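One letter stands for each residue in the lines below.
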Number of protein chains: 4
Amino acid sequence: MPDRVLRAIDAPTIDHRGPDFAALGHEVLAGMSEIFRTGGPVVIYPSSGTGAWEAALVNTLSPGDRVLAFETGHFATLWRAMAERLGLEVDWVEGDWRRGADPDRVAAVLRSDPSISAVMVVHNETSTGVTSRVAEIREAIDAAGSDALLLVDTISSLGSIDYRHDEWAVDVTVGCSQKGLMLPAGLGFNAVSENALAASERARLPRSYWDWGPTIEANRAGYWPYTSATNLLYGLREAIAMLREEGLENVFARHQRHAAATRAAVEAWGLEVLCADEREHSAALTAVMVENADEIRKLILERFDMSLGAGLGRLAGRVFRIGHLGDFNDLMLAGTLCGVEMGLRLTGVPVAGSGVEAALSLLEREPVAV
Amino acid sequence: MPDRVLRAIDAPTIDHRGPDFAALGHEVLAGMSEIFRTGGPVVIYPSSGTGAWEAALVNTLSPGDRVLAFETGHFATLWRAMAERLGLEVDWVEGDWRRGADPDRVAAVLRSDPSISAVMVVHNETSTGVTSRVAEIREAIDAAGSDALLLVDTISSLGSIDYRHDEWAVDVTVGCSQKGLMLPAGLGFNAVSENALAASERARLPRSYWDWGPTIEANRAGYWPYTSATNLLYGLREAIAMLREEGLENVFARHQRHAAATRAAVEAWGLEVLCADEREHSAALTAVMVENADEIRKLILERFDMSLGAGLGRLAGRVFRIGHLGDFNDLMLAGTLCGVEMGLRLTGVPVAGSGVEAALSLLEREPVAV
Amino acid sequence: MPDRVLRAIDAPTIDHRGPDFAALGHEVLAGMSEIFRTGGPVVIYPSSGTGAWEAALVNTLSPGDRVLAFETGHFATLWRAMAERLGLEVDWVEGDWRRGADPDRVAAVLRSDPSISAVMVVHNETSTGVTSRVAEIREAIDAAGSDALLLVDTISSLGSIDYRHDEWAVDVTVGCSQKGLMLPAGLGFNAVSENALAASERARLPRSYWDWGPTIEANRAGYWPYTSATNLLYGLREAIAMLREEGLENVFARHQRHAAATRAAVEAWGLEVLCADEREHSAALTAVMVENADEIRKLILERFDMSLGAGLGRLAGRVFRIGHLGDFNDLMLAGTLCGVEMGLRLTGVPVAGSGVEAALSLLEREPVAV
Amino acid sequence: MPDRVLRAIDAPTIDHRGPDFAALGHEVLAGMSEIFRTGGPVVIYPSSGTGAWEAALVNTLSPGDRVLAFETGHFATLWRAMAERLGLEVDWVEGDWRRGADPDRVAAVLRSDPSISAVMVVHNETSTGVTSRVAEIREAIDAAGSDALLLVDTISSLGSIDYRHDEWAVDVTVGCSQKGLMLPAGLGFNAVSENALAASERARLPRSYWDWGPTIEANRAGYWPYTSATNLLYGLREAIAMLREEGLENVFARHQRHAAATRAAVEAWGLEVLCADEREHSAALTAVMVENADEIRKLILERFDMSLGAGLGRLAGRVFRIGHLGDFNDLMLAGTLCGVEMGLRLTGVPVAGSGVEAALSLLEREPVAV
């Protein structure tokens with residue numbers, strides 16, 4: 001988390017009904033529209049990302065509605081459970097956690113079952129390092145002649161991986177503060193399409209806190225219907241400024257470059273990346289398959305004070321995850337890969353060649369995009 | 001907001017699945033139990049206080065359930081609207097915004113209508129400076145032989161005014177971070193009784209984010225089922241430490257003393273306090289009735305850089321509110337009353353005598369409790 | 001100390017030989033010229049104010065030189081001791097600590113003793129609340145036909161009380177960071193006239209660290225000859241910005257207004273201000289004469305958590321000092337005076353009338369200058 | 001600079017005459033004795049390290065005294081100039097900037113010239129990465145039968161490289177806050193031996209600000225004779241705590257290990273380290289000789305946002321310096337060396353082999369000392 005953001009959040013809290021607050025409100029709302037690439041409303045909740053998921057569902061759906069979802073990993077599985085708890089019927093497509101949601105399958109299911117009200121997709125699966133192809137899924141929905149809503153979770157991609165709410169005609173995009181936006185947790189986001197707004201008129205799941213209506217109404221004047229997490233909004237303003245200074249295109253290019261260098265290292269080590277489809281490699285993190293993943297993680301934490309992501313759910317113990325998102329640069333990546341390389345060798349993994357050398361070679365060759 | 005708290009919240013965010021987090025989790029949960037004076041569970045949400053209201057309702061009630069509520073002011077009115085949006089039937093007792101919820105009326109209604117599932121009370125009405133007598137309301141419920149749940153909003157009293165969740169047999173106490181706890185907004189609380197937990201087994205309003213069950217389960221190990229607002233929990237830990245250092249009894253005595261001094265000033269000025277029942281004076285804020293309330297507020301803001309609370313809802317323009325809660329001491333109160341006294345004189349309010357002198361006289365006479 | 005300044009000083013330290021540092025250097029040097037009201041050089045030392053005193057002497061004088069100094073209080077006495085330790089001869093004019101340096105006496109001494117090389121004056125005596133009339137002392141030096149240098153200590157007046165280095169033809173003005181500039185201690189200043197620079201060519205007290213020459217030379221490019229206290233310079237930049245935003249004239253008017261209100265309170269209490277000459281009342285602090293000064297200070301500290309200045313040196317136990325400088329406003333002054341009034345009454349001082357009322361009356365009547 | 005230290009320095013400034021200050025004073029003085037490894041007094045100045053140099057001279061010497069000094073690099077040269085400006089006679093031993101002060105030469109000069117009053121040595125030359133052998137120099141002085149004082153500059157070694165004021169019988173050790181102590185600049189230190197204290201009784205260079213006497217006297221009660229740089233003392237307290245937590249022995253071992261890994265990288269690249277004597281390799285930084293040093297530095301700064309030290313004085317353009325001191329770990333070193341390796345290749349330096357691989361190999365092999 002960048003120091004600039006931490007410094008921003010500890011400023012004294014202003015009156016959430018005063019004029020300074022309205023300026024802050026307008027500023028962060030405009031910034032978030034830019035980041036979601038939407039001309040429509042963005043709703044900001046004092047909540048975790050899980051709350052923003054719930055908001056996407058309760059604003060658009062009614063008890064018993066059917067939704068299509070894909071087992072792309074741990075977080076997709078959690079989203080399915082939430083939908084069921086709220087009284088929705090989930091059409092669940094099983095998967096091997098190495099691939100994203102399959103556009104062809106989306107089209108096939110929607111054609112065979114026109115009663116499906118929404119398609120739920122996790123853009124970037126944090127547990128696997130696989131990025132679903134959202135634009136193709138939209139095309140598949142259209143090709144199937146379905147008017148199902150497209151609900152997309154960008155919790156770990158927003159601000160790191162190219163994303164276009166309007167261009168891809170997503171209906172609700174769910175985001176949060178604590179990944180690519182480089183903030184502490186505590187803010188959830190919904191970007192909302194015209195169709196989603198229309199659906200919210202008909203939706204009958206009970207809602208009050210999550211109701212888009214009063215918030216969108218109050219946001220016109222820069223306020224919220226209830227007290228906002230003002231200090232986190234300070235941090236959001238600063239994070240938006242940082243993304244603008246670097247330029248979103250440059251931010252995305254930087255993440256892609258670091259992901260490519262990481263994969264070059266994994267290949268040089270003779271190991272395998274979890275993501276099985278090269279169109280779906282995540283630019284935000286890379287999961288690496290290895291037998292002794294937890295031993296490696298433990299050694300690297302103890303000896304080099306670096307924390308790698310663990311395998312979640314069915315991947316427990318079988319992968320480690322290298323994050324390369326947020327406030328990150330070439331030499332931080334290089335240090336990270338040096339740590340992994342030493343960790344592999346120190347735990348006796350037979351390492352084919354120098355992953356660090358392969359990564360440096362790529363970083364040298366490919367200049368940072370401008 | 002105390003500097004100590006602001007400094008606490010800007011520390012780097014720790015891993016919400018790591019061992020340090022569990023220590024933080026256990027610590028703030030234990031502290032909140034102490035503040036609510038309960039031996040039962042406290043649930044902490046990344047949300048505003050409004051979210052914690054919603055949580056109290058969706059965990060205990062089912063669609064169409066009837067609840068009893070009192071028009072004690074602006075926030076009670078908002079809570080009623082929320083209950084209706086969620087599909088509950090509200091039995092609404094009108095009021096003049098100068099008194100708390102009436103225990104006699106509670107008993108009478110519950111006797112005449114045994115179908116009522118819950119009684120909703122705002123402990124301290126921020127809009128009026130009136131504190132409802134929760135212990136007496138509990139007695140009234142019991143006297144009526146009702147098993148209605150007692151749901152109490154302590155959003156602006158928690159950590160400022162004496163409150164006893166267990167002793168008063170409250171079923172759900174709703175709180176938040178941004179008033180007496182001296183934190184930025186962004187955390188909501190539910191203290192939960194055995195009866196409330198039992199009710200949650202039967203309650204059929206859909207719930208997922210607000211569901212007590214998974215959180216209470218995860219809290220056993222010091223974690224949360226989804227990402228917490230870690231940096232605000234840092235602030236909460238610090239605020240709990242500050243309250244412990246001063247001692248809760250001393251904190252409450254300090255607030256009462258400042259409220260008494262403020263009322264002495266209002267009386268000396270020849271003005272009237274909004275609260276019409278002397279058993280119900282708020283220790284956290286005092287609302288003062290005066291014709292030109294907004295003119296006074298404007299002058300004091302512009303000339304003395306002090307912001308007084310405005311009249312809300314039906315009180316708009318007819319009262320100003322003096323807050324004396326949180327991190328506040330005798331000389332800050334004295335400076336505040338000096339500002340009000342000058343503001344009254346400068347806007348031509350005929351002032352009977354020196355309110356400042358009356359307040360100082362009381363502060364001198366009554367030593368701070370220890 | 002304003003929060004803005006504290007936040008500024010904790011930013012990561014930049015390279016003191018890099019280009020960003022030069023921008024910082026130019027900025028604070030320009031700002032300090034503005035505050036000293038000089039077109040000549042200002043030298044900034046990593047040192048306390050005492051170091052800046054030493055710098056004024058070693059840059060302008062030679063062993064055995066004679067200087068004229070006045071016993072205006074505790075700090076003047078310390079300055080005398082320093083001059084003697086450095087090998088200067090001090091012509092010491094005794095005083096009663098209730099008056100500033102006497103211009104008539106300056107003229108008389110210089111006429112009778114043309115060998116005097118410098119006159120040392122403390123502009124605002126922190127120990128007494130007396131402000132010497134520097135412009136009149138300059139006139140006296142000129143009237144005496146002396147070419148003695150005029151060295152003035154503005155340690156507790158700079159940024160609080162009107163001061164004009166060039167207009168008053170002061171030769172070296174000594175200042176520091178921790179009073180009117182609202183910074184932590186750690187920076188010392190010398191504003192330097194043409195005559196002082198010329199004197200530095202002849203001065204033979206050994207000097208290296210304090211030598212103006214290399215610093216003024218390096219400052220041309222925005223640097224220092226040795227490592228600067230970079231983080232304190234960050235704070236200085238912020239403090240300069242705050243003084244500019246308010247406007248130096250407004251800052252001075254605010255201090256005068258608060259001093260006048262404080263004296264009105266002292267008079268209403270029936271007590272006596274230490275400063276015996278009404279042309280010399282300090283705008284930064286007011287010393288009040290009272291028998292039980294330390295008892296009052298102790299009670300106010302313990303009961304109201306407010307620290308008043310103690311009597312120093314020969315005034316020990318006989319005065320308390322009320323500071324009204326720096327980041328201070330009407331209601332903070334009002335709270336301060338309320339604390340003093342309660343402290344007087346609680347220790348049994350017979351109080352003639354309400355000092356608070358007298359002060360509020362003045363504050364109401366006299367609007368803040370713009 | 002560690003975040004912990006920056007956070008420490010922005011706390012509100014306490015009264016430098018109050019009881020809390022005395023606790024702070026005692027604490028930092030005890031900590032500094034531990035770091036200098038002395039049972040004698042340590043004097044802390046609000047000053048840069050240059051000021052602490054001046055203090056060492058003016059407290060122990062008299063005008064015209066002769067001192068022996070060695071041309072070990074840029075900072076030794078600056079110290080010589082200071083001594084001359086203060087009126088001392090410097091016996092200057094020329095050098096090639098690749099070696100430390102020569103103990104044999106010390107003995108020889110002192111034998112031939114018994115009038116020398118002091119030997120001035122820079123422990124770690126920041127400009128060259130050469131560490132003089134202080135213990136051997138002390139033996140040489142003793143062997144020569146001289147009672148010359150030994151004055152040592154540890155500005156860039158204190159807290160990074162093993163140093164023992166008492167054991168090595170150093171008379172004055174000069175230090176500062178901004179290198180191994182990981183603080184912003186603004187504090188200077190003198191550790192003082194019995195012999196140095198005795199010399200200060202005889203020394204006749206004029207002194208006041210730098211005078212050890214009043215400070216050592218005031219320090220007994222935890223205070224200073226003039227206002228200290230309180231906020232920097234907060235940072236010092238935190239830095240001392242960090243050094244204690246890691247353990248000084250571990251801190252030194254870590255620096256040595258990183259220096260060895262850096263030299264392994266330089267050797268693998270086929271380049272030459274500036275330091276020509278393997279007994280004198282600095283553990284805090286490594287200077288590397290290369291024709292296009294400034295081109296490399298510029299590219300690495302622009303492309304990888306990493307600032308390497310420039311060649312100073314006669315080394316300008318001919319070396320770059322890799323710092324590995326302070327708050328630094330294995331992966332930060334690895335990232336640094338990756339940046340240098342890419343920089344070398346991108347500027348066309350013929351690189352013999354992978355320096356990174358050589359460094360990682362050493363870091364893997366040699367576990368961190370405990």
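This brings us to the relation of the copies chain A and chain B. After a rotation of 180° and a shift along the axis of 0.0 Å, chain A superposes on chain B with an RMSD of 0.0 Å. Here the two chains are linked by the operation of a two-fold rotation axis. The rotation axis passes nearest to the C-alpha of serine 47 of chain A in chain A, at a distance of 2.4 Å. Taken together, the interface assignments show that 100% of the residues at the interface of chain A recur at the interface of chain B, consistent with an identical surface on both copies.

Moving on, we get to the sheet that holds strand E12 (residues 309–310) of chain B. Residue and element names in this part refer to chain B. Read from one edge to the other, the open sheet built from four strands follows the order E10-E11-E13-E12, with strand pairing classed as antiparallel. On the outer flanks of this sheet lie strand E10 (272–273) and E12, each paired with one strand and no other. Sheet topology note: the strand E11 (residues 285–289)/strand E13 (residues 319–323) ladder contains five bridges and is antiparallel. In the strand pairing of E13, threonine 286 is matched with isoleucine 322. Helix H10 (residues 248–269) rests against E10, E11 and E13 of the sheet, and its axis sits at about 10° to E11.

This next bit is on the interface of chain A and chain B. The interface is formed by 33 residues belonging to chain A together with 33 residues belonging to chain B. Summed over both sides, the interface of chain A with chain B buries roughly 2500 Å², with 62% coming from carbon and sulfur. When the area that chain A buries against chain B is broken down by residue, the three leading residues are Asp10, Ser208 and Tyr209 of chain A, summing to 20%. Remark: the boundary between chain A and chain B carries zero salt bridges. Run the count over chain A and chain B and you get eight residue pairs in polar contact (both at pLDDT 80 or more). Breaking the side of chain A that touches chain B down by element, the ones donating at least two residues are helix H1 (3–9), helix H3 (49–60), helix H4 (74–85) and helix H9 (230–246) of chain A. With three residues, the single largest contributor to the side of chain A that touches chain B is H3 of chain A.

Turning to its location among the elements, tyrosine 226 of chain D is positioned in the loop between helix H8 (212–219) and helix H9 (230–246). With 17 residues separating them along the chain, tyrosine 226 of chain D and tyrosine 209 of chain D place their C-alpha atoms 8.8 Å apart. Ignoring any residue separated from it by four or fewer positions in sequence, one finds tyrosine 226 of chain D in contact with Ser48 and Thr50 of chain C together with Arg17, Tyr45, Pro46 and Tyr209 of chain D.

All names here are of chain A. What the domain assignment lists for chain A is domain 1 (3–246) and domain 2 (248–365). Summarising the inter-unit geometry, the C-alpha centres of domain 1 and domain 2 are found 28 Å apart. Each partner contributes residues to the interface: domain 1 has 35 residues there, and domain 2 has 30 residues. Approximately 2600 Å² of surface area, both sides summed, lies buried where domain 1 meets domain 2, with 54% of it carried by carbon and sulfur atoms. Counting the contacts that link domain 1 with domain 2 gives six salt bridges. A salt bridge links glutamate 249 to arginine 37; its shortest N-O distance comes to 3.0 Å. Remark: the boundary between domain 1 and domain 2 carries 15 residue pairs in polar contact (both at pLDDT 80 or more). Looking at the side of domain 1 that touches domain 2, the elements with two or more residues in it are helix H2 (19–36), H4, strand E5 (124–125), strand E6 (130–131) and H9. Counting residues per element, the side of domain 1 that touches domain 2 draws most heavily on H9, which supplies three residues. Tallied by class, the residues present in the side of domain 1 that touches domain 2 amount to ten nonpolar, 13 polar and twelve charged.

All names here are of chain B. In terms of residue burial, strand E1 (residues 42–46) counts as a mostly covered element, since five of its five residues are buried. Taking every second residue as pointing to the same face, both faces of E1 are buried, with Val42, Ile44 and Pro46 on one and Val43 and Tyr45 on the other. Where E1 lies against strand E9 (residues 187–192), five bridges are found, and the strand directions are antiparallel. Within E9, the position partnered with valine 43 by the bridge is asparagine 190.

A few words on the interface of chain C and chain A. Accessible area lost during the coming together of the parts is what is often quoted as the interface size. Opposite the five residues of chain C that make contact, chain A presents five residues. Roughly 320 Å² is buried in total at the junction of chain C and chain A, and carbon and sulfur atoms are behind 24% of that figure. Summed over the three residues of chain C that lose the most area to chain A, namely Arg7, Asp10 and Pro12 of chain C, the buried surface amounts to 85% of that side. Ionic pairing is found between aspartate 10 of chain A and arginine 7 of chain C, a salt bridge with its closest N-O pair at 2.2 Å. Run the count over chain C and chain A and you get two residue pairs in polar contact (both at pLDDT 80 or more).

Bringing the packing of aromatic side chains into the picture now. Summed over the entire model, instances satisfying the criterion amount to 38 aromatic pairs over all chains. Aromatic side chains tryptophan 53 of chain B and tryptophan 79 of chain B sit 5.0 Å apart centroid to centroid with 10° between the ring planes, which places their arrangement in the stacked category. Here tryptophan 79 of chain B lies in helix H4 (residues 74–85) and tryptophan 53 of chain B lies in helix H3 (residues 49–60), a separation of 26 residues in the sequence. The same class applies to tryptophan 53 of chain B and to tryptophan 79 of chain B, which are both buried. Ring geometry for tryptophan 210 of chain C versus tyrosine 209 of chain D: centroids 5.0 Å apart, planes at 80°, classification edge-to-face. Of this pair, tryptophan 210 of chain C sits in the loop between helix H7 (194–202) and helix H8 (212–219) while tyrosine 209 of chain D sits in the loop between helix H7 (194–202) and H8, which puts the two residues in different chains. Judged by relative accessible area, which is 1%, tryptophan 210 of chain C ranks as buried.

Residues and elements named next belong to chain B. In contact at an axis separation of 9 Å, helix H11 (residues 293–304) and helix H12 (residues 330–346) are set at 120° when each is read in the N-to-C sense. Accordingly, the angle class assigned to the pair H11 and H12 is oblique. Seen along the crossing, H11 lies across H12 with a hand that is right-handed. In contact with Ile296, Leu299, Ile300, Arg303 and Phe304 of H11, H12 contributes Gly339, Val340, Met342, Gly343, Leu344 and Leu346.

Okay, the environment of aspartate 327 of chain A next. All names here are of chain A. Checked against the element boundaries, aspartate 327 lands in the loop between strand E13 (319–323) and helix H12 (330–346). A residue is classified by how much of its surface remains accessible, and aspartate 327, at 42% relative accessible area, is partly exposed. In this structure the C-alpha to C-alpha distance between aspartate 327 and aspartate 3, which are 324 residues apart in sequence, comes to 9.9 Å. In this structure, aspartate 327 is in contact with Pro2, Met182, Met242 and Met332, ignoring residues within four places of it in sequence.

With that settled, the discussion passes to the relation of the copies chain C and chain A. Under the fitted operation, chain C is carried onto chain A by 0.0 Å of movement along the axis and a turn of 180°, and the coordinates agree to an RMSD of 0.0 Å. A shared binding surface is used by both copies, with 100% of the interface residues of chain C retained as interface residues in chain A.

Residue and element names in this part refer to chain D. Structurally, the position occupied by arginine 254 is in helix H10 (residues 248–269). The buried category is assigned to arginine 254, whose relative accessible area is 12%. Of note is the side chain of arginine 254, whose polar atom sits 3.0 Å from the backbone oxygen of glycine 326. Once residues lying within four places of it in the same chain are set aside, the contact partners of arginine 254 are Glu246, Gly326 and Phe328.

Residue and element names in this part refer to chain D. Helix length check: helix H4 (residues 74–85), at twelve residues, gives a terminal C-alpha distance of 17 Å against a target of 16 Å (1.5 Å per residue), a fit within 8%. On its buried face, H4 is in contact with helix H3 (49–60), strand E2 (66–70), strand E3 (89–93), strand E4 (116–122), strand E5 (124–125) and strand E7 (149–153). Where H4 terminates, the next one or two residues include glycine 87, which has phi positive at roughly 95°.

Moving on: the pattern of salt bridges. Under the criterion given, the structure shown has 123 salt bridges over all chains. A salt bridge links glutamate 34 of chain B to arginine 244 of chain B, with the nearest nitrogen and oxygen atoms 2.7 Å apart. With glutamate 34 of chain B in helix H2 (residues 19–36) and arginine 244 of chain B in helix H9 (residues 230–246), this pair connects stretches of sequence that are 210 residues apart. For arginine 244 of chain B, a relative accessible area of 42% translates into the label partly exposed. Because the salt bridges share partners, they merge into one network encompassing Arg37, Asp162, Arg164, Glu167 and Glu249 of chain A.

Reading the values: rules and limits
Residues numbered from 1 in each chain as written. Chains lettered and ligands numbered in written order. Predicted model: local features only at pLDDT ≥ 70, side-chain atom pairs only at ≥ 80, totals over all residues. Heavy atoms only, no water. Least-squares fit on C-alpha atoms with pLDDT ≥ 70 in both. Contact = heavy atoms within 4.5 Å. Pairing = 2+ DSSP bridges. Helix = DSSP H or I, 4+ residues; strand = E, 2+ residues; numbered from the N terminus. Axes fitted to C-alpha atoms, helices over the stretch in contact; angles between N-to-C directions. Buried area = accessible area lost by both parts, 1.4 Å probe. Salt bridge = Lys/Arg side-chain N within 4 Å of Asp/Glu carboxyl O. Polar contact = N/O pair within 3.5 Å; in protein donor to acceptor, adjacent residues only side chain to side chain. Domains from an automatic or database assignment. Nonpolar A, V, L, I, M, F, W, Y, C, P; charged D, E, K, R; others polar. Buried < 20%, exposed > 50% of the residue type's maximum accessible area, 1.4 Å probe, protein only. Phe/Tyr/Trp six-rings, centres within 6.5 Å; stacked < 30°, edge-to-face > 60°. Parallel < 35°, antiparallel > 145°, perpendicular 65-115°, else oblique. Left-handed = near helix turned anticlockwise from the far one by under 90°. Expected span 1.5 Å × (residues − 1).

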